[in-house]
Amino acid sequence: GWACGLGDFKTKFSKFAALDEPQDSSSGAFSRVFEFDRVSFGSDVNATKVILYSDIASKSFQEAHTYLREMSQRSEIAYILRPVAVNSPDKEAGDTMPLQGFGVELAIKSQEYKVLDDAIPDPDAEDGSLSELLEGDGDSHEHEIEGFYFEKLKDRHPELSEKLESFRKDLLSRSNEDAKVDVWDIQDIGVQTIARILRAKDPLATFVRISQNFPMFASGLTKLSVNQTLKADVASLQKQLQFEGLRINSETFASIPDIYNLHDSLLRQSASADGLLSLGLAPRAVRELMSIKRKPSTDQGHQRMSEIPFQLDVEVGNDALVWLNDLESGAYPYNQWAPTVQEFLAPAWPNQMRYIAKNLHRLVVVLDPTTLTGLEMMVQARSFVQANAPITVGLVFDLRDSQESAEEDDAAADSAPDSTPKCLPTSSWAKSLDDMPWASAMRSKCTASISEDAADDVDSSVPLKEAIARLFHALAFHDEYGPTAAWEFLASVAEKATNAKPKGRVTRAKLKKAFKATAEKAGMKPMIDEIFEERTTVGKSPEECNAWIAEVRRWNMRKGLPKQEYSMLLNGVLLPKVPSQSFRRVAMTGVLMGQMMYQHAVYEGKLTDETSIDEFVRSKPGTFPRLSSTILEPAEKIKFIDSLQFPPSIRYLPPPPQVKESIPSVTHWIVADLGTPTGRMLASGALEFWENAAAEAPTITSRVAILHNPAAESSSSGTKHPLLLQALSTKLDSPKDLAILGALLRTVFDETLLEEALGITLGESQVSAESYLGLSCGSYCAQALGITPGENAIVTNGRVVKLSDAVSGPGIQFASEEFAEDLRLSETFLSDYLSLEQIVEILSKYDTMPADHGSQGATGVPSHTQSDRILTVSYRLGQISSSGGGEDIEFPDPSKFSNVFRFPNDEAVISVTAIIDPLTEDAQRASPVLLMLRDVLNVDLTIFLSPSLEISEIPLKRFYRSAVGGKFGEEGQVQDNGYIQFDDQGRRQLSSGVVFSSIRTRALLTMNVEATEGWLVASRRAPYDLDNILLDDLSARTNVQYGIDNALLQGQCIDMDEREPPAGLQLELGNSSEPHVQDTLVMFNLGYFQLKAAPGVWKMRIAPNRHGEIYRIDEAHVAGGNTSADEFGLMPIYKFRSKPQLLQVRRRPGMQHVKLLEEIENGPKSKGEEKKDGNILGTITNLFNSENGGGDGNKGSTESTGQTDDDETVHVFSLASGLLYERFLKIMMQSVVSSTKSKVKFWFLSNFLSPQFKTFVPKMAEELGFEVELVTYQWPKWLRQQTVKQRIIWGYKILFLDVLFPLSLKRIIYIDADQVVRGDVRELWDMDLKGAPYGYTPFCSSNTATNGFRFWDSGYWKSHLQGKPYHISALYVVDLNRFRRMRAGDTLRSVYDNLSQDPNSLANLDQDLPNYTQHTVPIFSLPQQWLWCETWCSMETLPTAKTIDLCNNPLTKKPKLDVARELLPEWTVYDERQRSITQRLMDEA
């Protein structure tokens, strides 16, 4: 793996190719072909991979592309293109790509304090080029304005066009003027708004105009009368459905998706629609098919708890399960608990257990009793009963073949079962073989073989696992002793196995000893030896015990649980395997999740005291009679074939004579290499499934075909038997043929017997094996199904499930039975997932399919033609379902509501339904998207308007514009419908940007871009203060440009051993040449991490220090298994909206109990270090059900000491927004540098800085002798968002301190931009914080004039602080090492997310949050002189102050500029200096 330019490549590759045995140059990113790679047509995928990274717009691309493409056509290389956008030397200056899919807001700011810079120059006159691009003369969409239709008026009276336009603009602006709206006037403004929308000629265009300019219309809307019928319909809709979002055919979104997710959804829908239309279906039929309501494939909570995110029906009443307790028995202490589920509605603390005398939480232990781990987990489960937890505990033995006792293990290893069974089947259809000589000969060989095996088995005693089960049965079903004594027996076995040497060896001697001790304790005197020899049992007859053992085995076989030491099922959900010390936490998390589910069900009336709890649990979505990780997959992992082609010469298994003819809706293709034991097992299981299906129902709902898929070496070696079997399988015309095939699949191939069987079946025609070479599906399977030669798979209605090569079970006979169960599960799962009944119903309703449509190889039976049609429709719809789906919502009938408007289109194949509150920010984003869908894509559109009925303040305080594909005019209309345009030279022009016009307000505004998640966006050109905009001060045209600085790589990291985030784990991101480019740590909150990057393939590794010694990256660390080595994982960024990555890690051997984060040496222990069970942001919430944190990723050493290159440098952090605060920031920097003897490095958050400041500050740093670095971060989507810009800035000051800076940085000093520093901040840098992670200055109290404003001296804050001081956040010192080790950031984010649910809490977010949490995250109080503020401190203390903060004074409300000039003589000096420097640098530029 080497990287070079084209010239060097030619030289190096010629030498590389000249080697006799060239070494594989593929490593890391080079060894994997990703979804986004462009592979040159004709490339040999097995050849040396050459990847070209190039900007396709550059001049050098063409030469390299042509050269490599020609090499690939000669099969010398596999040529892969990975386009990248770079500023190459041959690229035209300023050549950038305009993007869409973002929104821009102009939010109204508070003007209580002056925030305008009095030195802002007038913006330069613009050339207007961008405005012309945005305001082109596109077609205007006509709509009504205050009852006037101006386009028609202009057409009728062209001589009045100028006056009409003037009048139109006057109407648009008349309602603004910032008219005051009283609180009592706006209660019904939601209903008034939708009344105004619905009466318009074009309600959607009016919706766009009102929502995007709402502050201008609020006053006028309050004067409209309230339509009571409309109000009642809104209330009725909200009672029926508490949901706001969007449905596109069958895909449901809980909110309007961004334009890129919407684009992906529409592409999926369109591709499937085209395929369905090609079948001759009418558009309406296609729309109905694509709108079939999907049943949720799984419960979201399951995905958070289990690798198999589904629920097993454990069959609560089955005798195989033995329950230790019954909460409904009336026994003590359960008879003291609440007897009703209504208890769930009683007030309680968060995460408080509910003690209700009902079996609400059933924990089932599936146990291999011969393993110490299994026995230990059984004891753990038993402890819940002993602790009187509200959990019902049961046990079932796993009696399938697995590890036996220590004495038996060695023998078992030497006598592994033959993977091919030696006996013919005994099923009903096999009886037809009795008259065949070869069958009798085979049975004779089978009998002889069994006799030989029996003679070799000198120990005929019961296997150890079954022996334990029999002893357990003897106690559990005894009339006097029961389950308690039986569980006591197992606990005794566990104790003796634990104390044995070597540890964990379960032997028959220990078993007898444990049973005897338990039996004697219970007063029993059993005949131990006789029990073991199976001559008798205690309390029950041998027949009853044998029947119970048989039922346990059947339960094991039916349920399909993994074969392991133990499995734990909580209400059917398979819990993850975790260390025993973590099990209680995992189980209790599951119980708390269950409580929330029950609480919602009781509240909604779905669960009452009369409801059967067990039936309620069984009826939940995602509940199946069998758990199979192969068959059951969440929707996002289900894969359907890309395009359907029917296999050549396919033959389906014939139905038995007694089965009535039907139209099977499910088609199974069993793809198997019949030359292998596994392949024959799969085919045998398919026959088993087929026989059982025929026996259980009068009609068959499925059809089965077996496709032979030989491995390449198998076919080349001339192996005849699989080909002959395939020949036989293509001549299946009778049950006898089926019986012969089944018998042959189960035999050890005997040449003579096989030829005899084939001769009987094929009749007199002697056909050689070579004649059937063409019957192999190898090429078809590879090209049409994506299944490689020799690979085994199930294809059910186009869904491809690839199977493991391992034979699961003691021989093929048992494994084939399990595979038959898997086939049954596959049919049930897919029928439910695709709603096959509705598909058949709709196809019958719209029967337009040609009668002869179907595969050429079908038998000619009409039912196969119909089944082919169902198969074709199923796979098309499956392609949509497997890509998403969201919530399962039953949308209301629009004909029953008046608060709805429709745009029907019978020819549309895409149907869109939206439910929106028009007075929300979501509505501002959604309305132009819906307009685009209607006017450009001509969808069938229905919009329900569902505003809040109780409004107490103006709901929208911003103007909004969205760039979603076309140009939108000032009133929301689409100004061009072409979307793709070309200039005079034929070059494509992309519409980009938004226009704010016709806005009349005197309010102070701030601009902000709402970009797609994963974009780090910053302003590139801003001739005006974007944080403080007064429209009256702007020139006629003011143009602002934004750009994407970086893409985000974000995701979730999970410790697969502990099943929780490895909080504090240090990660590094790099590439082949530089492995450490960025770094961050993993949050406990969801295990979230965030790194900035650029498009391409990145390498992520665990930091090569103590963290790397403890943890390693798991082989399947990301979805899709993108890993190439133990040391790093591959992380591709290739879309505008990349999905979060899942990084799975495991502890290295011997590191299971080593703490990742070093112990805190001194100081109080933070609760941030404790595991937060049930935390709203902990492991019970999953990042990937949401449809966005971690470090900025600046490079630095990740050693735990956090040493930097220069320990003499003092690091100062600050942030600012707006030109006034950037002016303050320049003065603060000068004051710090002037007062500090050490070197200083400033760190600034770039998110809110102007492009002028970011250009200026490096030059200022060079001139004044300090260092500067910009950091950036995106507020994670899962963390509660703030909408007011000032509060967003406050959040960045405190919420991300652990991940904002390089991990090498050990300490940071935060100083507000509006401070002047007089002291040497080195004193703060060296200050001992006495074990606290940060230090703040308490508010001083020497200015008694403002005593009335000290809210912390009384009421809630006084009580909460308990004598601790309330600190000011204008300056603080953070010990980043301790802050990270204490996981203080996790604590702050968790507390913030909880408190911010109340919009009235955390009024001063950056200040209230650390003060509120100082009982858990302690604060060291800095000396008072380190922060002086006129509001709180007396003038007498000013001379000794080391920093002066220009804080707002609630008494005088004097502008900060005036305060600075009056109080600080040095301020003017600093200000003049920064002006001089700024002007000089501007002149030089």
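Residues numbered from 1 in each chain as written. Predicted model: local features only at pLDDT ≥ 70, side-chain atom pairs only at ≥ 80, totals over all residues. Heavy atoms only, no water.

**A look at the overall build of the chain**
Scanning the chain from terminus to terminus reveals 43 helices and 43 strands. Split into buried and exposed, the 1485 residues of the chain put 56% on the buried side. (Helix = DSSP H or I, 4+ residues; strand = E, 2+ residues; numbered from the N terminus. Buried < 20%, exposed > 50% of the residue type's maximum accessible area, 1.4 Å probe, protein only.)

**Notes on the packing of aromatic side chains**
For the coordinates displayed, the defined rule picks out 45 aromatic pairs. Relative to Phe-472, the ring of Phe-397 has its centre 5.0 Å away and its plane inclined at 80 degrees; by these criteria the two rings are edge-to-face. Taken together, the residues span a long stretch of sequence, with Phe-397 in strand E10 (residues 392-397) and Phe-472 in helix H16 (residues 464-476) at a distance of 75 residues. For Phe-397, a relative accessible area of 0% corresponds to the buried category. Residue classification places Phe-472 among the buried positions, given a relative accessible area of 0%. With centroids separated by 5.9 Å and ring planes inclined at 10 degrees, the aromatic side chains of Phe-829 and Tyr-833 adopt a geometry described as stacked. (Phe/Tyr/Trp six-rings, centres within 6.5 Å; stacked < 30°, edge-to-face > 60°.)

**Description of the state of the cysteines**
Covalently bonding the sulfur atom of one cysteine to the sulfur atom of another cysteine gives a disulfide. All chains considered together, the criterion is met by 2 disulfides. Shown here is the disulfide that connects Cys-1340 with Cys-1433, its sulfur atoms set 1.7 Å apart. Disulfide Cys-1340-Cys-1433: torsion about the S-S bond near -100 degrees, hence left-handed. Of this pair, Cys-1340 sits in the loop between strand E39 (1334-1338) and helix H38 (1355-1361) while Cys-1433 sits in the loop between strand E42 (1428-1429) and strand E43 (1443-1445), and the two are 93 residues apart along the sequence. Residue Cys-1429 pairs covalently with Cys-1447 via a disulfide, S to S 1.5 Å. Looking along the S-S bond of the Cys-1429-Cys-1447 disulfide, the torsion reads about 70 degrees, which is the right-handed sense. Of this pair, Cys-1429 sits in strand E42 while Cys-1447 sits in the loop between E43 and helix H42 (1456-1463), and the two are 18 residues apart along the sequence. (Disulfide = S-S within 2.5 Å.)

**A word on the nonpolar core**
Within the largest apolar cluster, 202 residues are counted, with the highest numbers of intra-cluster contacts made by Phe-397, Phe-472, Leu-490, Trp-669 and Leu-930. Ranked by size, the runner-up nonpolar core spans 63 residues in total, among them Val-1257, Trp-1432, Leu-1463 and Tyr-1470. (Core = buried A, V, L, I, M, F, W, Y, C linked by side-chain atoms within 4.5 Å.)

**A look at the sheet that holds E42**
Read across the sheet, 3 strands follow the order E38-E43-E42 without closing on themselves; strand pairing throughout is mixed. Lying at the two open borders of the sheet, with one neighbouring strand each, are strand E38 (1315-1317) and E42. Note that E38 and E43 share 3 bridges and pair antiparallel. Paired with Val-1316 across the two strands is Ile-1444, which belongs to E43. (Pairing = 2+ DSSP bridges.)

**Thoughts on the packing of helix H34 (residues 1219-1235) against H42**
Close contact between H34 and H42 brings their axes to 12 Å; oriented N to C, the two are set at 25 degrees. Relative to H42, H34 is oriented roughly parallel. From H34, Leu-1220, Tyr-1221, Arg-1223 and Phe-1224 reach across to H42, where they touch Lys-1456, Leu-1457 and Arg-1461. Its residues placed into classes, the contact of H34 with H42 shows 4 nonpolar, no polar and 3 charged. (Axes fitted to C-alpha atoms, helices over the stretch in contact; angles between N-to-C directions. Parallel < 35°, antiparallel > 145°, perpendicular 65-115°, else oblique. Contact = heavy atoms within 4.5 Å. Nonpolar A, V, L, I, M, F, W, Y, C, P; charged D, E, K, R; others polar.)

**Some words on helix H20 (residues 542-559)**
For H20, with 18 residues, the first-to-last C-alpha span of 26 Å sits near the 26 Å given by 1.5 Å per residue. Inspection of H20 places Cys-545, Trp-548, Ile-549, Glu-551, Val-552, Trp-555, Asn-556, Met-557 and Lys-559 among the buried residues, and these make up the whole buried set. Remark: Gly-560 follows H20 within two positions and exhibits a positive phi of approximately 70 degrees. (Expected span 1.5 Å × (residues − 1).)

**Overview of unusual backbone geometry**
The linkage connecting Tyr-332 with the following residue, Pro-333, adopts the cis geometry, with an omega of 5 degrees. Among the structural elements, Pro-333 can be located in the loop between strand E8 (322-323) and strand E9 (362-367). The phi dihedral of Gln-1362 falls on the positive side, at around 50 degrees, and the residue is not glycine. Among the secondary structure elements, Gln-1362 is positioned in the loop between H38 and strand E40 (1367-1375). Since its relative accessible area comes to 63%, Gln-1362 is described here as exposed.

**Observations concerning the sheet that holds strand E21 (residues 958-963)**
Strand pairing in a sheet relies on backbone hydrogen bonds. The paired strands run either parallel or antiparallel. Strand order in this open sheet of 3 strands is E21-E4-E24, and the pairing throughout is antiparallel. Each of the sheet's edge strands pairs with one partner strand only, and the pair in question is E21 and strand E24 (1005-1010). Pairwise comparison of adjacent strand axes, ignoring direction, gives a mean angle of 15 degrees for this sheet. Here strand E4 (residues 102-108) runs beside E24; their pairing, made up of 6 bridges, is antiparallel. The residue of E24 that forms the bridge with Glu-105 is Asn-1008. Where helix H32 (residues 921-935) meets the sheet, it contacts E21 and E24, and its direction lies at approximately 35 degrees from that of E21.

**A closer look at the pattern of salt bridges**
Throughout the structure, instances matching the rule amount to 61 salt bridges. The partner of Asp-1298 in a salt bridge is Arg-1389, with the nearest N and O atoms 2.9 Å apart. Of this pair, Asp-1298 sits in the loop between helix H36 (1285-1294) and strand E37 (1307-1311) while Arg-1389 is found in helix H40 (residues 1384-1395), placing the two residues 91 residues apart along the sequence. Here the two residues Asp-1298 and Arg-1389 agree in accessibility, since each one is buried. Through salt bridges with shared partners, one network takes in Glu-105, Glu-921, Asp-922, Arg-925, Arg-958 and Glu-1010. (Salt bridge = Lys/Arg side-chain N within 4 Å of Asp/Glu carboxyl O.)

**Remarks on the pairing of strand E32 (residues 1129-1133)**
Judged by how many residues are buried, E32 sits mostly within the fold: 5 of 5 residues are covered. Taking every second residue as pointing to the same face, both faces of E32 are buried, with Gly-1129, Met-1131 and Ile-1133 on one and Leu-1130 and Pro-1132 on the other. In terms of strand pairing, strand E30 (residues 1096-1102) meets E32 through 5 bridges, oriented antiparallel. Paired with Lys-1099 across the two strands is Leu-1130, which belongs to E32.

**Here we look at the packing of helix H6 (residues 189-198) against helix H9 (residues 228-240)**
Here H6 crosses H9 at 110 degrees, and the two axes come no closer than 10 Å. Of the possible angle classes, the one that applies to H6 and H9 is roughly perpendicular. In this structure, H6 uses Val-191, Ile-194, Ala-195 and Leu-198 to contact H9, whose residues at the interface are Leu-230, Lys-231 and Val-234. Classifying every residue of the contact of H6 with H9 by side-chain character gives 6 nonpolar, no polar and 1 charged.

**Quick look at helix H35 (residues 1251-1264)**
If you check H35, its first and last C-alpha atoms are 20 Å apart, about what 14 residues at 1.5 Å a residue would give, namely 20 Å. Roughly 25 degrees is the biggest bend found in H35, and it falls at Val-1257, with proline Pro-1258 one to four residues downstream. Turning to H35, its buried residues are Pro-1251, Phe-1253, Lys-1254, Phe-1256, Val-1257, Met-1260 and Ala-1261. Tucked inside the fold, the buried residues of H35 contact strand E25 (1015-1021), H34, strand E35 (1240-1245), strand E36 (1267-1271) and helix H43 (1465-1484). Immediately beyond the C-terminal end of H35, within one or two residues, lies Gly-1265, with a positive phi of roughly 85 degrees. (Bend = angle between axes of the 7 residues up to and from the residue.)

**Some thoughts on the side chain of Asp-673**
Mapped onto the fold, Asp-673 is located in the loop between strand E14 (666-672) and helix H23 (677-696). Of the buried charged residues, Asp-673 lacks a salt bridge, with Arg-680 as the closest side chain of opposite charge at 7.3 Å. When neighbours within four sequence positions are excluded, Asp-673 is seen to be in contact with Gly-679, Arg-680, His-708, Asn-709, Pro-710, Ala-711, Gly-790 and Asn-792. (Lys, Arg positive; Asp, Glu negative; His and termini not counted.)

**Notes on the confidence of the model for the chain**
Averaged over all residues, the pLDDT of the chain is 77; the fraction at 70 or higher stands at 73%. This model gives residues 402-430 a pLDDT under 50, and the stretch forms 60 contacts once residues within four places in sequence are excluded. Low confidence marks residues 849-862, where pLDDT is under 50. Its contacts with residues over four positions away, or in another chain, come to 15 contacts. (pLDDT = per-residue confidence, 0-100.)

**Here we look at the environment of Phe-891**
Counting through the fold element by element, Phe-891 comes out in the loop between helix H31 (862-881) and strand E18 (900-903). Each C-alpha atom, one on Phe-891 and one on Lys-293, is 9.7 Å from the other, the two residues being 598 residues apart in sequence. In contact with Phe-891, other than residues within four places in its own chain, are Phe-243, Arg-247, Thr-252, Thr-913 and Ile-915.

**Things to note about the pairing of E40**
Of all 9 residues that make up E40, 9 are buried, and the element is covered over most of its length. With 5 bridges connecting them, E37 and E40 associate as antiparallel partners. In the strand pairing of E40, Arg-1307 is matched with Asp-1375. Bridge count for E39 against E40 is 5 bridges, and the pairing is antiparallel. Residue Thr-1337 lies in a different strand from E40, and its bridge partner there is Ile-1368.

**Overview of the environment of Ser-702**
Residue placement: Ser-702 occurs in strand E15 (residues 702-708). Among the residues examined, Ser-702 registers a relative accessible area of 2% and is labelled buried. Not counting residues up to four positions away in its chain, the partners in contact with Ser-702 are Pro-664, Val-666, His-668, Phe-689, Trp-690 and Glu-827. Among the polar contacts listed, one links the side chain of Ser-702 to the side chain of Glu-827, at a separation of 3.1 Å. (Polar contact = N/O pair within 3.5 Å; in protein donor to acceptor, adjacent residues only side chain to side chain.)

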